[in-house]
Amino acid sequence: MVIYQVLEAWTVLLILVALFVLLLLQVATFRRVGHASFLLFAIGSALCIVYSVCSAVPFYFQITDSQRLLLFQSACAAAVLAAVLAVWGTASLLRSYYGQLFQTAPRATRGSA
């Protein structure tokens, strides 16, 4: 049973490191580009970090059932908000590139080929 706890601890650590790296990249890109979608992605990543921490707490600490329920509710709220922000940020980013795509694409004229 101890091997599973060690694997779980390393998995949580790896996920948190990956999320922090994503958060740093998104914040740096937002500061450089200024596009709102990267701010939405960064807030979503921060909420994913909250979700991961809330989900991992019961594995490492003895907590009461009411505390476990509060953590579960907090984790679910963070996950739902992160999902909404991910979709919203992606739509915002794609919408901005969609406009640029048709502004820079050469127009085909009838009879040319």
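The structure under discussion appears in the preceding block.
Because the structure is a prediction, the values reported are computed rather than measured.

Student: Quick question: what am I supposed to make of the overall build of the protein here?
Tutor: Scanning the protein from N- to C-terminus turns up three helices and zero strands. Mapped from its N terminus to its C terminus, the protein presents α and β elements in the order α-α-α. In the protein, buried positions account for 24% of the 113 residues. A sequence separation of at least 24 residues applies to 66% of the contacts in the protein between residues at least 6 apart. Carbon and sulfur atoms form 72% of the exposed surface of the protein, whose accessible area is close to 8700 Å².

Student: So what exactly am I meant to see when it comes to the state of the cysteines here?
Tutor: A covalent bond between the sulfur atoms of two cysteines is referred to as a disulfide. Applying the stated rule across the entire model yields zero disulfides. Cys-54 forms no disulfide, and the closest cysteine sulfur to it belongs to Cys-76, at a distance of 9.8 Å. For Cys-54, a relative accessible area of 13% puts it in the buried group.

Student: Looking at this model, I keep getting lost on the nonpolar core. Mind explaining?
Tutor: Ranked by size, the top nonpolar core spans seven residues in total: Val-12, Leu-16, Leu-19, Leu-23, Ala-42, Ile-49 and Ala-56. Mapped by element, the contributors of at least two residues to this core are α1 (2-33) and α2 (36-60). Ranked by residues supplied to this core, first place goes to α1 with four residues. If we skip the residues at most four places from it in the chain, Leu-23 touches Ala-42, Ser-45, Ala-46 and Ile-49. Leu-40, Leu-47, Ala-78 and Leu-85 belong to the second-largest nonpolar core, a separate cluster that totals five residues.

Student: What is the right way to read a nonpolar patch on the surface from this model?
Tutor: There is a patch of nonpolar side chains on the surface, built from Val-2, Val-6, Trp-10, Leu-13, Val-17, Val-21, Leu-22 and Leu-25 and spanning about 760 Å² of accessible area. Structurally, the position occupied by Val-6 is in helix α1. Residue Val-6 is classed as partly exposed on the basis of its relative accessible area of 38%.

Student: Explanation requested: the environment of His-35 in the structure shown.
Tutor: Looking at the secondary structure, you find His-35 in the loop between α1 and α2. Counting along the chain gives 54 residues from His-35 to Gly-89, while the straight-line C-alpha distance between them is 9.7 Å. Residues in contact with His-35, not counting those within four places in the same chain, are Phe-30, Ser-92, Leu-93 and Ser-96. Within the structure, the side chain of His-35 is placed 2.7 Å from the side chain of Ser-37, a separation counted as a polar contact.

Student: How should I be thinking about the packing of aromatic side chains in this particular structure?
Tutor: What characterises a pair of aromatic rings is the spacing of the ring centres plus the angle enclosed by the ring planes. In this structure the tally under the stated criterion is one aromatic pair. Centre to centre, the rings of Phe-38 and Phe-41 are 6.0 Å apart; their planes meet at 75°, and the pair counts as edge-to-face. One end of the pair, Phe-38, and the other, Phe-41, are both in helix α2, three residues apart, so they sit about a helical turn from each other. Take Phe-41: its relative accessible area is 17%, and that puts it in the buried class.

Definitions and limits used
Residues numbered from 1 in each chain as written. Predicted model: local features only at pLDDT ≥ 70, side-chain atom pairs only at ≥ 80, totals over all residues. Heavy atoms only, no water. Helix = DSSP H or I, 4+ residues; strand = E, 2+ residues; numbered from the N terminus. Buried < 20%, exposed > 50% of the residue type's maximum accessible area, 1.4 Å probe, protein only. Contact = heavy atoms within 4.5 Å. Areas by Shrake-Rupley, 256 points an atom, 1.4 Å probe, with all protein chains shown as cover. Disulfide = S-S within 2.5 Å. Core = buried A, V, L, I, M, F, W, Y, C linked by side-chain atoms within 4.5 Å. Patch = residues over 30% accessible without salt bridge, like charges linked within 9 Å, V, L, I, M, F, W, Y side chains within 5 Å. Salt bridge = Lys/Arg side-chain N within 4 Å of Asp/Glu carboxyl O. Polar contact = N/O pair within 3.5 Å; in protein donor to acceptor, adjacent residues only side chain to side chain. Phe/Tyr/Trp six-rings, centres within 6.5 Å; stacked < 30°, edge-to-face > 60°.

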